[in-house]
Amino acid sequence: MAVNDTQKEVVFKPITNLTFHFQCHKGIACFTHCCAALNLVLTPYDIIRLKQHLKISSDEFLDRYTETKYTKSHRFPLIYLKMNQDEGAKCPFVTSDGCNVYPDRPGACRIYPLGRAASNAPIRTGRQEKFFIVEEEHCLGFQETREWSVEEWLANQGVNEYNAMNDLWSEILTSTKDLGPAKDIQKKMQMFSMASYNLDRFREFIFESRFFQLFQVEEEKREVLASEDVELMKFAFEWLKYSLFGEKTIELREKTLDSEDPRRRV
Ligand code: SF4
Ligand code: SF4
C-alpha cells in the first residue's frame, strides 16, 4: 500500500453497510495532492505495466524511477517508486492534468481508498481477503456523493487483475520457507531481485545460459517466454520457488545429473 508521509492522519475503517462514498476527479480541490511523498512499493506486475507504458527497458525503469530498500518486515528487498528529490517530493508521473501513466498506474494507486488484507494461503486452497477504508485527512473524495460497493470499485479501477498477479508473487515474498545455508543467501537475494524486478535480465538469464539444457521446458513454452512479459513473470515465480526454496516447480531434464545441484550449474 502507498502511504503519504505528509498526511496528518490516516484512519483505517471497516466498510459499513457494504458500501462507501467516494469520488476522485479533476475538479476536486485536493486533485493530485496525494501523489507526493509516498512510500509506494512496486510489485513485479506494476513494473511490467509501467515499463511497457513508458516503452523502456527494465534496467532503465529501475535506474530512473525506483530505489531498493531492505525492511524489517520482509527478508527480501523491496522496490519503491522514487519520489522527485525536491521539496514537494512529487511522484515522477504526476502532472497538473493528473497521472501521466494512468492506464498502467500501480495497483496501490488503483485500490485507494480501499485497503486489502489477504491471507498467505496458496490460491488453489482458497485465499481469504478483507477490505477496509483508508481514510486520509487531506482527501476530500470521501465528501462526494457517489456510492460504491467493494466489487464495483475493484472492477472500475482494474484492481482484480493486479491482485491476481500480485498474489502469485506474495507467496514468495511472504514465504517463511528455509532459504538454505548462509553462504548462499546473498546469491539468492540477487536471484530474487532479478527474477522479481528485472524481467529483461531474467529473460537473458534463461535464454543465454545453459538453462534449457538443464531444465525441461517445451519449445512452444519457450517461444511464449521469449516474447510475453507476463508469462515470463509467472515462470520467474516458479523458478524462484525452485531456486530459493527447493520446491519441485521446474522439471529437470533426464540427463541432468542428480549428483550436482543444477541451481549452481545454470
Ligand atoms: S480525492 Fe483523494 S485520491 Fe483524489 S486527488 Fe484528492 S486526495 Fe487524491
Ligand atoms: S503513479 Fe500516478 S496515481 Fe500513482 S502516485 Fe504517481 S501520479 Fe499518482
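Residues numbered from 1 in each chain as written. Chains lettered and ligands numbered in written order. Predicted model: local features only at pLDDT ≥ 70, side-chain atom pairs only at ≥ 80, totals over all residues.

### Observations regarding the site of ligand 1
Around ligand 1, the neighbouring residues are Cys24, Ile28, Cys30, Phe31, Thr32, His33, Cys34, Tyr112, His138, Cys139, Leu140 and Gly141. Across the shell around ligand 1, the residue classes break down as eight nonpolar, four polar and no charged. (Near = placed C-beta within 6 Å. Nonpolar A, V, L, I, M, F, W, Y, C, P; charged D, E, K, R; others polar.)

### Thoughts on helix H10 (residues 229-245)
For H10, which comprises 17 residues, the first-to-last C-alpha distance of 24 Å matches the rise-based estimate of 24 Å (1.5 Å per residue) to within 8%. Taken together, the buried positions of H10 are occupied by Leu232, Met233, Phe235, Ala236, Trp239, Leu240, Ser243 and Leu244. Within H10, the buried residues cover an arc of 165 degrees as seen down the axis, which keeps them to one side. At its buried positions, H10 is contacted by helix H1 (44-54), helix H5 (159-173), helix H6 (185-197), helix H7 (199-207) and helix H9 (219-227). Gly246 lies just past H10 and shows a positive phi near 75 degrees. (Helix = DSSP H or I, 4+ residues; strand = E, 2+ residues; numbered from the N terminus. Expected span 1.5 Å × (residues − 1). Buried ≥ 20, exposed ≤ 12 C-beta atoms within 10 Å, placed from the backbone. Arc of directions from axis to C-beta. Contact = placed C-beta atoms within 7 Å.)

### Focus on the nonpolar core
Formed by 45 residues in total, the largest nonpolar core has its most connected members in Ala195, Leu232, Ala236 and Leu240. Considering every element that reaches this core, the biggest residue donor is H10, with seven residues. When we break this core down by domain, the ones giving at least three residues each are domain 1 (10-172) and domain 2 (181-264). Setting aside chain neighbours within four positions, we find Leu240 in contact with Ile172, Phe192 and Ala195. (Core = buried A, V, L, I, M, F, W, Y, C linked by C-beta atoms within 7 Å. Domains from an automatic or database assignment.)

### Structural notes on unusual backbone geometry
Note that the residue after Tyr112, namely Pro113, is joined by a cis bond; omega there is 15 degrees. Its place among the elements puts Pro113 in the loop between helix H3 (107-111) and strand E8 (114-118). At Thr32, a residue that is not glycine, the phi angle is positive and equals roughly 70 degrees. By secondary structure assignment, the location of Thr32 is in the loop between strand E2 (19-21) and strand E3 (41-42). C-beta crowding within 10 Å serves as the criterion here: with 17 such atoms nearby, Thr32 is assigned to the partly exposed category. A positive phi angle is found at Ala37, which is not glycine, with a value near 50 degrees. According to the C-beta neighbour criterion, Ala37 is partly exposed, with 17 such atoms within 10 Å.

### Some details on the packing of H5 against H10
Put simply, H5 and H10 touch, their axes get as near as 10 Å, and they point 15 degrees apart. In terms of orientation, H5 and H10 fall into the roughly parallel class. Helix-helix and strand crossings are classified by hand; for H5 and H10 the assignment is left-handed. Between H5 and H10, the residues in contact are Leu168, Trp169 and Ile172 and Lys234, Phe237, Leu240 and Lys241, respectively. Classifying every residue of the contact of H5 with H10 by side-chain character gives five nonpolar, no polar and two charged. (Axes fitted to C-alpha atoms, helices over the stretch in contact; angles between N-to-C directions. Parallel < 35°, antiparallel > 145°, perpendicular 65-115°, else oblique. Left-handed = near helix turned anticlockwise from the far one by under 90°.)

### Overview of the sheet that holds strand E1 (residues 10-13)
Strands pair in a sheet through their backbones, by hydrogen bonds, and they do so in one of two ways: parallel or antiparallel. What the three strands build is an open sheet, ordered E1-E9-E8; its pairing is antiparallel. Two strands in the sheet have a free side with no partner beyond their single neighbour: E1 and E8. Ignoring which end each strand starts from, the neighbouring axes of this sheet average 30 degrees apart. When E1 meets strand E9 (residues 129-136), the two strands line up antiparallel, connected through four bridges. From the neighbouring strand, Phe12 faces E9, where its bridge partner is Val134. (Pairing = 2+ DSSP bridges.)

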